[in-house]
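Coordinate inspection notes
Given next are the chains, with one letter for each unit.
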Protein chains: 2
Amino acid sequence: MPNPPTIKEIAKRLNLAASTVSRALHNHPRIGLRTRMKVQELARELQYEPNQTAIFFQQKKTFTLGIVLPELSEAFFSAAISGIEDAANKSNYMVLLGQSHDDTIREQKIVEIMKNHRVDGLLVSLAKNTVDYAHFEMLRKYNIPVVFFDRIPNMPNIHYVASNMESGTIQAVSLLLQRGHRVIGMINGPEKMIASQQRTAGYQKAMQLQRLKYDASLNVNADLTKEGTRHAMQQLLAHKRKITAIVAFNDYVSQDAVQYALEQGLEINKDITFVSYANLPLSSYMAFPPLASVEQYPYLQGQRATEILLELLSGKLAPDQYQQIVIDSRLVMAPGR
Amino acid sequence: MPNPPTIKEIAKRLNLAASTVSRALHNHPRIGLRTRMKVQELARELQYEPNQTAIFFQQKKTFTLGIVLPELSEAFFSAAISGIEDAANKSNYMVLLGQSHDDTIREQKIVEIMKNHRVDGLLVSLAKNTVDYAHFEMLRKYNIPVVFFDRIPNMPNIHYVASNMESGTIQAVSLLLQRGHRVIGMINGPEKMIASQQRTAGYQKAMQLQRLKYDASLNVNADLTKEGTRHAMQQLLAHKRKITAIVAFNDYVSQDAVQYALEQGLEINKDITFVSYANLPLSSYMAFPPLASVEQYPYLQGQRATEILLELLSGKLAPDQYQQIVIDSRLVMAPGR
DNA sequence: TAAATTTGCGCAACCGTTTGTCCAACTATT
DNA sequence: AATAGTTGGACAAACGGTTGCGCAAATTTA
């Protein structure tokens, strides 16, 4: 078989018009039962498969979703993409992939290429330094809907799905309080990050719930590097009040902090207890996993974002019904604790 | 702008034929410089972008590569896909994604959908229980080239890129021997897996190189579950010869084994030393990382596989010049060891 | 200056499918 | 039996771009 059979082929063999064959294959009521059967039988026999590229062209639709995100190999994103792919497949959409490597230029280029490939819609998690959103604004002109997830732009009138760190943080700090910890340190991220602010807010609210005083000196900002974490630990361990528990910005930070604590001769879960935020799918594989982790549900985020995009595409959702979904993070106990 | 400008638009505005515009945009020499300039200027002005779906249809080519693999969220695959995506983008190809979740039925379905989407070629890493290759044989009829990577089928006349665990294992065992270890345990995978056999072969050859005797009872097969690993550890630690080092099947197994050893009161890197195979990008974040890891270069595998596929597509490589690339694994020391 | 080339562009077909419209042949109504 | 209504299918255009061929005008060659 040099080239696959076409509708015209079938039409010729049965002395029918191409249009008739097309309708017969779609069970159009205007086509008689007899011819319908004949057509479908021959189609099966020839293993006819519609040429999707022709259909895409004709329908101006590709049943393809573009995904733009910083880095595939980060656990968070690969989980998210997994959710996206599953949701898309359920509706027979395919998924076109592009990673920005956290570079705005690459991000713009990918968006451009995807636009030319005529993806029906886009799912985007921003490169960390993207501040100019022209390449996304441009998509409006082409009526290509975009749903952002996790890393969302500071921009009005957009659809997005993101997680709120506050709720999980409240739970985390509350857990520690409940277990008797009174002096709780927090290794937070850069001050300007929304995610850091949410963690701080969560910490404060948890204290407030127990009518305890929030001590800002226990909450230190770090830069998420190993050195930054060690420095923060040093600061916390030197605090005039004796810290017995630490909320770490994420599992990477947590591990660095644990290591430092071990070096200082502290016993984990006895002298000092850690709670973290799950970036990794394998905290269960760590030698000293945190007592509990705040889960951000990347798979779910991807899935919800995709569902919204699909509803936008099917018309179930009007383009200006802006969906802004915030998924609450939640504390998850380490197995066996 | 309801719909993007087309070639016909430009033609009409300039009183030219569509064919002339098309050629002008492609810098066809038969078109005069003056008209060429005029066309290109107007095109720029209107922000003309060729409709790729039309081109795909016309050229019977989509500049799209399909990727089928078991699980995106596994570190190995997300690194591989990263390599694939980078290589593809370099040649202006896009990447269409599908995960089988290690289910053969899903794998077949994905291949079918990708065929209908007219991907130009496929990159595949098999679901672990796929034994029937009909869905791949079928692709030959449609002249859709396939390059397998990592998990390759047992099938003649295919292109593939895979890694050989033997070389890295030789290096791993040799390192331990050189450091004075004489009784080295191995927690291997299921006996029937090629990857397990390669590890065994590597172990044997390393011993042979030092004219030492290989003791099969030190090499135990496990099923890669946590329980299996604990059982294997139990077996090894009860060995009549005192084991001072262990080669673990992968980082997951390694962590479970470390945990068991700690429970038994052993001191890591003193009483017992571990060497592993890197599945995780973060052994540096483990509290007790292995002394060294055998690297399998997933990014490189993905990249090489993609390059081969692209050469196949560009005709640089004939379809029957079967490429069977084996990338040697290599021992990498943990930082600071 | 006539013939031969070259230059510059238009015409038309084509890729495979869908869909609006038209038409012939039946069938039913009175 | 003449008219109206229904049924089943054909025709053709359209989606946007590419490409082989033809043809006139401009240029070169003899």
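Named according to an unreviewed UniProt entry, chain A is LacI family transcriptional regulator originating from Chitinophaga ginsengisoli.

This paragraph deals with the overall build of chain A. Across its full length, chain A carries 12 helices and 12 strands. What you see for chain A is a C-alpha radius of gyration of 27 Å, clearly larger than the 20 Å of a compact globule of 337 residues, by over 25%. Split into buried and exposed, the 337 residues of chain A put 53% on the buried side. Partitioning the intrachain contacts of chain A with sequence separation of at least 6 by distance along the chain shows that 70% fall at a separation of at least 24. As displayed, chain A offers around 15900 Å² of accessible surface, 50% of which is attributable to carbon and sulfur atoms. Mean positive and mean negative side-chain charge positions of chain A (37 and 31 charges, respectively) differ by 7 Å.

This brings us to the relation of the copies chain A and chain B. Once chain A is rotated about the relating axis by 180° and shifted along it by 0.1 Å, it coincides with chain B to within an RMSD of 0.1 Å. The superposition operator between the copies reduces to a two-fold rotation axis. Taking C-alpha positions as the reference, the residue of chain A nearest the rotation axis is A:Leu96, at 2.3 Å. Mapped onto chain B, 98% of the interface residues of chain A again fall at the interface, so both copies present the same surface.

Another aspect to go through is the UniProt feature "domain: HTH lacI-type" (unreviewed entry) in chain A. Mapped onto the present numbering, the UniProt feature "domain: HTH lacI-type" (unreviewed entry) falls at residues 5-59 of chain A. End-to-end, the C-alpha atoms of residues 5-59 of chain A are 20 Å apart, and along that stretch the chain is 67% helix and 0% strand.

A word on the protein's contact with DNA strand D. Surrounding DNA strand D, one finds 27 residues, the nearest of these being A:Thr20, B:Ile7, B:Ser19, B:Arg23 and B:Tyr48. Among atoms of DNA strand D positioned within 4 Å of the protein, sugar and phosphate together represent 49%. Interatomic distance of 2.6 Å between a backbone N/O atom of A:Gly32 and a phosphate oxygen of DNA strand D. Note that a phosphate oxygen of DNA strand D is positioned 3.4 Å from one of the backbone N or O atoms of B:Asn51. Of all the secondary-structure elements, those providing two or more residues to the surface near DNA strand D are helix H2 (18-25) and helix H4 (52-59) of chain A together with helix H1 (7-14), helix H2 (18-25) and helix H4 (52-59) of chain B. Among the elements that line the surface near DNA strand D, the one with the most residues is H4(B), at 4 residues. By residue class, the composition of the surface near DNA strand D is 9 nonpolar, 13 polar and 5 charged.

All names here are of chain A. With respect to the helices, strands and loops of the structure, Ile84 is situated in helix H5 (residues 75-90). Given the relative accessible area of 0%, Ile84 is considered buried. On a C-alpha basis, the gap between Ile84 and Gly302 in space is 4.8 Å, while along the polypeptide they are 218 residues apart. With residues near it in sequence (within four places) discarded, Ile84 still touches Ile67, Val95, Leu123, Phe149, Gly302, Gln303 and Thr306.

So, on to the protein's contact with DNA strand C. Around DNA strand C, the surrounding shell holds 27 residues, and the nearest of these are A:Ile7, A:Arg23, A:Tyr48, B:Thr20 and B:Gly32. With respect to DNA strand C, the side chain of A:Ser22 contributes an N or O atom lying 2.7 Å from a phosphate oxygen. Between DNA strand C and the protein, one listed contact pairs a phosphate oxygen with a side-chain N or O atom of A:His26 at 3.2 Å. Broken down by secondary-structure element, the contributors of at least two residues to the surface near DNA strand C are helix H1 (7-13), H2 and H4 of chain A together with H2 and H4 of chain B.

On to the side chain of B:His239, then. Along the chain, the position of B:His239 falls in the loop between helix H10 (226-237) and strand E8 (245-248). Ignoring sequence-local partners within four residues, the contact set of B:His239 consists of B:Asp215, B:Ser217 and B:Leu218.

This part covers the pattern of salt bridges. Residue and element names in this part refer to chain A. Inspection of the entire model under this criterion finds 18 salt bridges over all chains. Across the salt bridge formed by Glu9 and Arg13, the nearest N and O atoms sit 3.6 Å from each other. Pair noted here: Glu9 and Arg13 are both in helix H1, with a separation of 4 residues, about one helical turn. On the basis of relative accessibility, which here comes to 34%, the residue Glu9 falls in the partly exposed class. Glu137 is the partner of Arg140 in a salt bridge, and the nearest nitrogen-oxygen pair spans 2.9 Å. In this pair, Arg140 and Glu137 both sit in helix H7 (residues 134-141), 3 residues apart, roughly one turn of the helix. Given the relative accessible area of 36%, Glu137 is considered partly exposed.

Take the side chain of B:Ser78 next. With respect to the helices and strands, the residue B:Ser78 is situated in helix H5 (residues 75-90). Overall, the relative accessible area of 1% leaves B:Ser78 in the buried class. For B:Ser78, the contacting residues outside a window of four places in its chain are A:Leu72, A:Ser73, A:Ser78 and B:Leu72.

The next subject is the interface of chain A and chain B. How big an interface is tends to be stated in terms of accessible area lost as the parts join. Of the residues lining the interface, 55 residues belong to chain A; the matching set on chain B comes to 55 residues. Taking both sides of the interface into account, the surface hidden between chain A and chain B amounts to around 4800 Å²; carbon and sulfur atoms contribute 58%. Between chain A and chain B we count 2 salt bridges in total. Across the pair A:Arg106 and B:Asp86 runs a salt bridge whose closest N-O atoms are separated by 3.9 Å. At the surface where chain A touches chain B, the tally comes to 9 residue pairs in polar contact (both at pLDDT 80 or more).

A few words now on the nonpolar core. A:Ile81, A:Leu97, A:Phe149, B:Ile81, B:Leu97 and B:Phe149 are the most contacted members of the largest nonpolar core, which has 50 residues in total. B:Ile81 has contacts with A:Leu72, A:Leu97, A:Gln99, B:Ile67, B:Leu69, B:Leu72 and B:Leu97, leaving out every residue within four places of it along the chain.

Basis of the calculations
Residues numbered from 1 in each chain as written. Chains lettered and ligands numbered in written order. Predicted model: local features only at pLDDT ≥ 70, side-chain atom pairs only at ≥ 80, totals over all residues. Heavy atoms only, no water. Helix = DSSP H or I, 4+ residues; strand = E, 2+ residues; numbered from the N terminus. Rg over C-alpha atoms; globule rule 2.2 N^0.38 Å. Buried < 20%, exposed > 50% of the residue type's maximum accessible area, 1.4 Å probe, protein only. Contact = heavy atoms within 4.5 Å. Areas by Shrake-Rupley, 256 points an atom, 1.4 Å probe, with all protein chains shown as cover. Lys, Arg positive; Asp, Glu negative; His and termini not counted. Charge placed at Lys NZ, Arg CZ, Asp CG, Glu CD. Least-squares fit on C-alpha atoms with pLDDT ≥ 70 in both. UniProt positions renumbered as here; feature names shortened; annotations may be inferred. Near = heavy atom within 4 Å. Polar contact = N/O pair within 3.5 Å; in protein donor to acceptor, adjacent residues only side chain to side chain. Nonpolar A, V, L, I, M, F, W, Y, C, P; charged D, E, K, R; others polar. Salt bridge = Lys/Arg side-chain N within 4 Å of Asp/Glu carboxyl O. Buried area = accessible area lost by both parts, 1.4 Å probe. Core = buried A, V, L, I, M, F, W, Y, C linked by side-chain atoms within 4.5 Å.

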